[in-house]
Amino acid sequence: SREQPIFSTRAHVFQIDPNTKKNWVPTSKHAVTVSYFYDSTRNVYRIISLDGSKAIINSTITPNMTFTKTSQKFGQWADSRANTVYGLGFSSEHHLSKFAEKFQEFKEAARLAKEKSQEKMELTSTPSQESAGGDIQSPLTPESINGTDDERATPEVTQNSEPRAEPTQNALPFTHSSTISKHWEAELATLKGNNAKLTAALLESTANVKQWKQQLAAYQEEAERLHKRVTELECVSSQANAVHTHKTELNQTIQELESTLKKKEEEIEGLKQEIDNARELQAQRDSLTQKLQEVEIRNKDLEGQLSDLEQRLEKSQNEQEAFRNNLKTLLEILDGKIFELTELRDNLAKLIECS
């Protein structure tokens, strides 16, 4: 295999909560093996960890990455390609320090590899006359494209070796509108994450397009120079055979350059298509943002209506209570009148008996 492990340790693996960007979420139930791998073909270093057959860490080390010790047994680093932050909890401070030393060592090696790749790109972007007859190699490699501007921002994280529980939210009085609002907030958060990835890819693609345009211009200049050289050689009659052979070689080189130009133009078209797709996703995000704002306004209106209904209900209850009190008072008065009438009847009955 072209990729071999060069250092291994064991740790508990965590990832940042994609929703809150504050709390840790454990991705392994127990301590697992975490290894540094070196890909000799692409000259890159990666951190890989498997939990059974599932890859819970697959992070390529770039010169812009930073491994931060947040406690005596816990450390973290951000990976913009994976759009996450990885956290490792170790059994001892020694294991953490050793892992951090290796991270710095391989980060420096990745930086040197990137500089060599850039030097190679600069050399091959301006081919000399002596190399015109040979194979033209593109200076752009996967490492030089993917290894730039990786860690643009590291989220601020409250560090713990154990994940924290999310605070529970008090249920809103109007459950239906709250559910709709949370749904759109989740949709917006997802779109923001996708938009960040697409923005990074768009910036990287724009830089690559600029480099390729410079290469295309260099190739065109080289092709024009070779055409002029062919014309000059054809004017030399004393060396017709040698000129013919040289012309054939130069024509072959020109064909190779034209083929390379065609490939680069196709790659530019593909990048333009990706940019158009990114703009479409941006438009969808703006539309969903507007819908979320409309839902929030509707939610506020419903909350106002609910508050008004509660006030009216309280007022009605107060009126009913006053009515009950009045009825009670009336009943007491009526009982008194009935008692007086009863006494009056008894007195009348006694008078009739006496007479």
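Owing to the predicted nature of the structure, the values given are computational and were not obtained by experimental measurement.

Here we come to the overall build of the protein. Secondary structure assignment for the protein yields 4 helices and 8 strands. Seen in sequence order, the protein has helices and strands lined up from the N terminus as β-β-β-β-β-β-β-β-α-α-α-α. Across the 355 residues of the protein, 30% fall into the buried class. In the protein, the proportion of contacts linking residues at least 24 apart, taken out of those at least 6 apart, comes to 63%. Put simply, the protein shows about 23,600 Å² of open surface, and 52% of that area lies on carbon and sulfur atoms.

Time to look at a nonpolar patch on the surface. A surface patch of nonpolar side chains, amounting to about 410 Å² of accessible area, comprises L341, L344, L348 and L351. Here L351 shows up in helix α4 (residues 240-354). Overall, the relative accessible area of 56% leaves L351 in the exposed class.

On to the pairing of strand β8 (residues 84-89). A large share of β8 lies buried, amounting to 6 of its 6 residues. Strand direction decides the pairing type here: strand β1 (residues 3-16) and β8, joined by 4 bridges, are antiparallel. Residue pairing across strands places H12 opposite G89, the latter belonging to β8. Here strand β7 (residues 74-79) pairs with β8 via 6 bridges, running antiparallel. The residue bridging Q76 from the neighbouring strand is G87, located in β8. Connecting the antiparallel pair β7 and β8 is a turn made up of 4 residues, with N83 showing a positive phi of about 55°.

Before going further, it helps to examine the nonpolar core. Y36, I47, I57, W77, L88, F99 and F103 are the most contacted members of the largest nonpolar core, which totals 22 residues. Those elements giving two or more residues to this core turn out to be β1, β3 (32-39), β4 (44-51), β5 (54-60), β8 and α1 (93-124). Per element, the largest residue contribution to this core is 5 residues, and it comes from α1.

Tallied over the full model, the rule gives 1 cavity of 30 Å³ or more. In this model, the largest cavity occupies a volume close to 30 Å³. Lining the largest cavity are L191, N194, N195, L198, L281, Q282 and R285. Going through the elements one at a time, α3 (175-234) and α4 are the ones with two or more residues in the lining of the largest cavity.

The rules behind these values
- Residues numbered from 1 in each chain as written.
- Predicted model: local features only at pLDDT ≥ 70, side-chain atom pairs only at ≥ 80, totals over all residues.
- Heavy atoms only, no water.
- Helix = DSSP H or I, 4+ residues; strand = E, 2+ residues; numbered from the N terminus.
- Buried < 20%, exposed > 50% of the residue type's maximum accessible area, 1.4 Å probe, protein only.
- Contact = heavy atoms within 4.5 Å.
- Areas by Shrake-Rupley, 256 points an atom, 1.4 Å probe, with all protein chains shown as cover.
- Patch = residues over 30% accessible without salt bridge, like charges linked within 9 Å, V, L, I, M, F, W, Y side chains within 5 Å.
- Salt bridge = Lys/Arg side-chain N within 4 Å of Asp/Glu carboxyl O.
- Pairing = 2+ DSSP bridges.
- Core = buried A, V, L, I, M, F, W, Y, C linked by side-chain atoms within 4.5 Å.
- 1 Å grid on protein atoms, 1.4 Å probe; cavity = no way out; pocket = protein on both sides within 12 Å on 5 of 7 lines; lining within 4 Å.
- Points joined across faces, edges and corners; volume = space filled by probe spheres on them.

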